[in-house]
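Listed here are the chains, written in short residue letters.
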Amino acid sequence: MGGETFEVPKLKSAYPKLSAHPVGQWIPNIYKDRIGMFYGGGQYEKKNLRAMMTEGIASGSPHVKLSVWDAPDLTRPTFKEATDSKNKYRSTQVGDWFGPSWSTHWFKVKLTVPEKLCKKELLELHWDANNEGMVWTEDGNPLQGLTGGGERIEWILPEKFRNGKEHTIYIEMACNGMFGNAPGGDSIQPPDPNKYFQLGKADIVAVNVEARNLYIDMWEIGDAAREFPTDSWEQHKALRIANEVIDAFELGNQDSIIKGRKIAQEYLGKDASSSKVYKSGKEPLVYGIGHCHIDTCWLWPWAETKRKVARSWSNQCNLMDRYPEHRFTCSQAQQYKWLKQYYPYVFDRVKDKVKKGTFQPVGGSWVEHDTNMPSGESLVRQFVYGQRFFESNFGERCRTFWLPDTFGYSSQLPQLCRLAGMTRFFTQKLSWNNINKFPHTTFNWVSLDGSQVICHMAPAETYTAEANFGDVRRSVTQHKSMDQDETSLLVFGKGDGGGGPTWEHLEKLRRCRGMADTVGMLPRVHMGDSVEDFFDRLEKKASNGVDLVTWYGELYFELHRGTYTTQANNKRNNRKSEIMLRDIELLATLASIKSGYKYPKEDIDDMWEGVLLCQFHDCLPGSSIEMCYDDSDELYAKIFKTGEKILKDLQTVLGVLEVDKANTNNSLVALNTMPWHRRELIPIGDNQAGVACGDGNLLTIRTFKITETPEVTVEEVRSGVFVLQNDQLRVEVEGGVISSLYDRKAEREVIAKGGKGNQLVIFDDKPLYWQAWDVEVYHLDSRKELSPGTTKIIQQDAHQVSVMTETKISDKSWAKTYISLSAAFKGQQSYVEMHSEVEWQESMKFLKVEFPVDVRNTEASYETQFGIVRRPTHYNTTWDMAKFEVCCHKFADLSENGYGVSILNDSKYGFATCGNLMRLSLLRAPKAPDAHADMGRHHIRWAILPHQGELGSTTVHTAFNFNNPLKLVQSPEPLEASAFSNPIKLTGNPSLILDTVKRGEDDEDVSRGELKKRKGKSIILRIYDSLGGKSKGTIETTLDVQRVWKTNVLEDDEEELKFSKGKIDIVLRPFEVATFRLQL
């Protein structure tokens, strides 16, 4: 009981009693900088890890024999054409030069692997000519793209090449870099037509696989040492491990590389160079998805894009065979169609990978299009043509809209996405904003009508991530929606010029995952899931009660505002082709139902596909090189030629012909495609006009009666001062500008006191960098009024009067501006029309026209697709000021209670309203990437439309009419009364617009067989509310309609509607876009 003693064992320690030598603290920066020296180039590359990256190289004959055939005249011959026996291949060698820019050279490459390399683990052909290329088999199968300039220069030799015999491949060289042919280092400068490229490398290389793996290990551990916080143990451990690897390395000793890899495993884990690394079962935050953004045209023409697609996507198929975790996603049905047409072998490989779930079509649209300027119907057709292609070729539609690189996002996109079967949207472009930082990462984006999609913007803020440590880290550190959901997409791969992920990207992500599982701190990245898997999880969360933040209306991009104006002719062609297609579909639909006319589906499809292609986000905005606009001009000319032929045929069906002035016996009628009653003046020759009246596709024309009191007059009241007047408006033109516009009915002045309406102004236009893209806020400080020359009366007819003013812009540029006023009709708002002929030869200038109006509101209204966007007229906040230049369609409007003013246009998209100053953008003159953008002659129409009451159907209808002038035709035979009535009418609220009438895509007499045919004939109607209120209306038809369905834009029946005595009652939400199918 007590008193016992216990012996406590002494701790044995090898800790020495005496200090052996001094040990200093590491100097972190020095040891950090040492890491890059271990695997980098420069003075030590023959002594560091790089010196052991290969186990042998075979160059020149007899191992690599080269001969070349130069394709003539910048042609891009097919494999069959290039290997024709008539072509003479000449001997060539490394060091030879090839060109000029855009030329193609086909190399016959004969390879014989030397015996000493045959048993090496990995054999590659390294080919580098600093330009793009494609490897082909001897029998004509495209295998892999080559980038050049040290990027993607390797092609793995097949096993059968290891037999010591000679094997032949072909390499197609394209004389352009990944970003075209710009001179020097600035890729957006106009291309140099005389660039030449030197073949710098053509070697058989035995790769030291373990050395290559250690290179990636050290890259990622080095990044951790450089980028983790210096007060974290994870950073200090990375620094220690990296230096231990370096200390273990011995030049020429393979065992030292194996040892270094073992040391690296302490930081990366044992599976960091294998797909097993993703099977740890731990919850990831970041989901990696391979991507290859290929601009359908930009710094290269469409013809080169077709090759870029084949090069890039064959690379990805190869990587999928080597990396089971690799998932690759790509949008743009047009690019898939090109692949199918020109590279069927690669397309079959892609189809196989799609079936396996590793290659994932996404986006649902024809191209990655601009969303600011295309019409509402164009946005619909991007989805219709895109989704139909994906469904018919791959068996399913896309569920995610994918648009990472477009310059702003229309407020109606969420609604149209939902109507096209897509509930989610991916982008990242708003990270480029140069004024305000967009506040969300994952959110509900809400359309004008209230429809919503889940939107995710990659927090790494790129769609071309290099899959670096920093990209993974930023996927969390820059995530702005963590309160609701902490996950994100990491979209990686070479892009814009194509290419996609490389083996290095996939290896780096493996290391990042290994690091996250072994050490921590780095967000856990996962590979193997699709874009749809990622959004499915978000959608499930949202369905289960997670309230994502909301963003209502447009995603305005605070950059690239100049794209609303650059390349004016291209934008004009866009507007005119959209209108032509609408007319053709309307008239062809009715003709195919009422007569034996065959609906020209194939021609219509070809036309639409051409228009949709030209709406690509670097084509329509005006940010491509000159070659691209040569191509689009040619395509538009083809579209217009096809369209004019169809319209001529349709006129014959309608019983009318082009006007023949020699044949005066034929009665004149007007061709109309607007869905409402029109009463308009139409010129009939000899300075005379008729009055066209009615609501059918043909309108009767009666003589314009000349009364004792002229209905419209012009008078020079004093020197240089002219007054144009009709029953509604009095216009005073002084010094070439409108000094007064008096509304006689409302008894009020429209132009602000002392203001100058229709004043041409010019600005210096030198953005910070992106010339064709940007106009910066400071350009407004350089405003200069253009002094007009003399004004004279040039038209004084009974129905219309005009004055013309010549304005000198510079020694090389001028404008002739016509101000016209027509006789007014009772009960129909009159407007003042302007037409300007401009000779434009400027450099870095911006031409606009201004209207200071006597109207006050803090918001102005702008027509957008299927609706109106309201934007501030003030600069209260930086968010307001950022909208100093915005996009509008056919009109912009500034209204106060009881009165307003609309500015109409026929082909312009840039606008600004600052206070009471309304400003229409006319022409720019950037010099990059097209040195001749907008140079030449332009014809531009616009108008000022005052109106009583707030913005209403008067403006909407007048803007449509302004863009769709009546066409004078003649009838050789008396027409039946039915020719002047419309078999389909929309009555009710005037805010409802019947925008599209077309045949059903899959009607059995129309279908081209891509998808299952539908029995019988049907008519598709697209109707929208244009003003933002609940709208009731009635579709009235005299056609033999059996059933009526409300459908989505893909024409899937959704809700059957009641139909009685040729009438269907409809109700639309504010700004709703509704599609109806009338089954005959």
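You'll find the structure just up there.
Since the model is a prediction, treat every value here as computed from it, not as a measurement.

### Concerning the overall build of the protein
Turning to step 1, where the next piece is worked out: Within the protein, the secondary structure is distributed over 18 helices and 56 strands.
Turning to step 2, where the next piece is worked out: In terms of overall dimensions, the protein is globule-like: its C-alpha atoms have a radius of gyration of 34 Å, near the 31 Å expected for 1080 residues.
Turning to step 3, where the next piece is worked out: Principal-axis analysis of the C-alpha atoms gives the protein an extent of 125 × 90 × 65 Å.
Turning to step 4, where the next piece is worked out: The burial tally for the protein puts 61% of its 1080 residues in the buried class.
Turning to step 5, where the next piece is worked out: For the protein, the proportion of contacts with a sequence separation of at least 24, taken over those separated by at least 6, is 74%.

### What to know about the state of the cysteines
Turning to step 1, where the next piece is worked out: Per the stated rule, a full pass over the model turns up 0 disulfides.
Turning to step 2, where the next piece is worked out: Counting only cysteine sulfurs, C330 is the nearest neighbor of C317, a cysteine outside any disulfide, at a range of 11 Å.

### Focus on a negative patch on the surface
Turning to step 1, where the next piece is worked out: Residues E626, D630, D633 and E634 make up a contiguous surface patch of negative charge.
Turning to step 2, where the next piece is worked out: Positionally, D633 belongs in helix α16 (residues 626-654).
Turning to step 3, where the next piece is worked out: Owing to a relative accessible area of 34%, D633 belongs among the partly exposed residues under this scheme.

### Some thoughts on the sheet that holds strand β56 (residues 1073-1079)
Turning to step 1, where the next piece is worked out: Reading across from one edge, β50-β51-β56-β53-β54 is the order of the 5 strands in this open sheet, with antiparallel pairing throughout. Edge positions in the sheet fall to β50 (992-999) and β54 (1053-1057), since each has one partner strand and no second. Strand-to-strand twist across the sheet, computed as the mean angle between neighbouring axes with direction ignored, equals 30°.
Turning to step 2, where the next piece is worked out: One ladder, built from 7 bridges, connects strand β51 (residues 1018-1025) with β56; its direction is antiparallel. Looking across to β56, one finds that I1023 is bridged to A1074.
Turning to step 3, where the next piece is worked out: In the packing of helix α9 (residues 376-394) onto the sheet, contacts are made with β50 and β51, and the angle to β50 comes to roughly 40°.

### Observations concerning the environment of D649
Turning to step 1, where the next piece is worked out: Checked against the element boundaries, D649 lands in helix α16.
Turning to step 2, where the next piece is worked out: Taking the C-alpha atoms as reference points, D649 and Y597, 52 residues apart in sequence, are found 9.4 Å from one another.

### A closer look at the side chain of T442
Turning to step 1, where the next piece is worked out: Secondary-structure assignment places T442 in strand β18 (residues 442-446).
Turning to step 2, where the next piece is worked out: Overall, the relative accessible area of 0% leaves T442 in the buried class.
Turning to step 3, where the next piece is worked out: Among the polar contacts listed, one links the side chain of T442 to the side chain of H456, at a separation of 2.8 Å.
Turning to step 4, where the next piece is worked out: Those residues in contact with T442 that sit more than four places away from it in its chain are I454, C455, H456, H479, S481, L538, L548 and V549.

### A short note on the side chain of N436
Turning to step 1, where the next piece is worked out: Within the element layout of this structure, N436 appears in the loop between β17 (424-427) and β18.
Turning to step 2, where the next piece is worked out: Separated by 2.5 Å, the side chains of N436 and T878 make a polar contact.
Turning to step 3, where the next piece is worked out: The contact partners of N436, leaving out residues within four places of it in the chain, are E558, T878, W879 and A882.

### A closer look at the sheet that holds strand β22 (residues 550-552)
Turning to step 1, where the next piece is worked out: Overall, mixed pairing links the 5 strands, which are arranged β16-β17-β19-β18-β22 in an open sheet. Here the strands that pair on one side only, and so sit at the sheet edges, are β16 (400-402) and β22. The sheet shows a mean angle of 30° between the axes of neighbouring strands, direction not considered.
Turning to step 2, where the next piece is worked out: Note that β18 and strand β19 (residues 452-457) share 5 bridges and pair antiparallel. If you follow W445 over to β19, its bridge partner there is V453.

### Examining helix α15 (residues 601-614)
Turning to step 1, where the next piece is worked out: In this model, α15 (14 residues) spans 20 Å end to end at C-alpha, consistent with the 20 Å of a helix rising 1.5 Å per residue.
Turning to step 2, where the next piece is worked out: Listed as buried for α15 are K601, I604, D605, M607, W608, E609, G610, V611, L612, L613 and C614.
Turning to step 3, where the next piece is worked out: Where α15 is buried, its residues meet α6 (302-322), α7 (333-342), α9, α14 (568-594) and α16.

### Comments concerning helix α12 (residues 503-518)
Turning to step 1, where the next piece is worked out: An ideal rise of 1.5 Å per residue puts 22 Å on 16 residues; α12 measures up with 23 Å between its terminal C-alpha atoms.
Turning to step 2, where the next piece is worked out: Most of α12 is tucked away, with 14 of its 16 residues classed as buried.
Turning to step 3, where the next piece is worked out: Where α12 terminates, the next one or two residues include G520, which has phi positive at roughly 95°.

The rules we used
- Residues numbered from 1 in each chain as written.
- Predicted model: local features only at pLDDT ≥ 70, side-chain atom pairs only at ≥ 80, totals over all residues.
- Heavy atoms only, no water.
- Helix = DSSP H or I, 4+ residues; strand = E, 2+ residues; numbered from the N terminus.
- Rg over C-alpha atoms; globule rule 2.2 N^0.38 Å.
- Buried < 20%, exposed > 50% of the residue type's maximum accessible area, 1.4 Å probe, protein only.
- Contact = heavy atoms within 4.5 Å.
- Disulfide = S-S within 2.5 Å.
- Patch = residues over 30% accessible without salt bridge, like charges linked within 9 Å, V, L, I, M, F, W, Y side chains within 5 Å.
- Areas by Shrake-Rupley, 256 points an atom, 1.4 Å probe, with all protein chains shown as cover.
- Salt bridge = Lys/Arg side-chain N within 4 Å of Asp/Glu carboxyl O.
- Lys, Arg positive; Asp, Glu negative; His and termini not counted.
- Charge placed at Lys NZ, Arg CZ, Asp CG, Glu CD.
- Pairing = 2+ DSSP bridges.
- Axes fitted to C-alpha atoms, helices over the stretch in contact; angles between N-to-C directions.
- Polar contact = N/O pair within 3.5 Å; in protein donor to acceptor, adjacent residues only side chain to side chain.
- Expected span 1.5 Å × (residues − 1).

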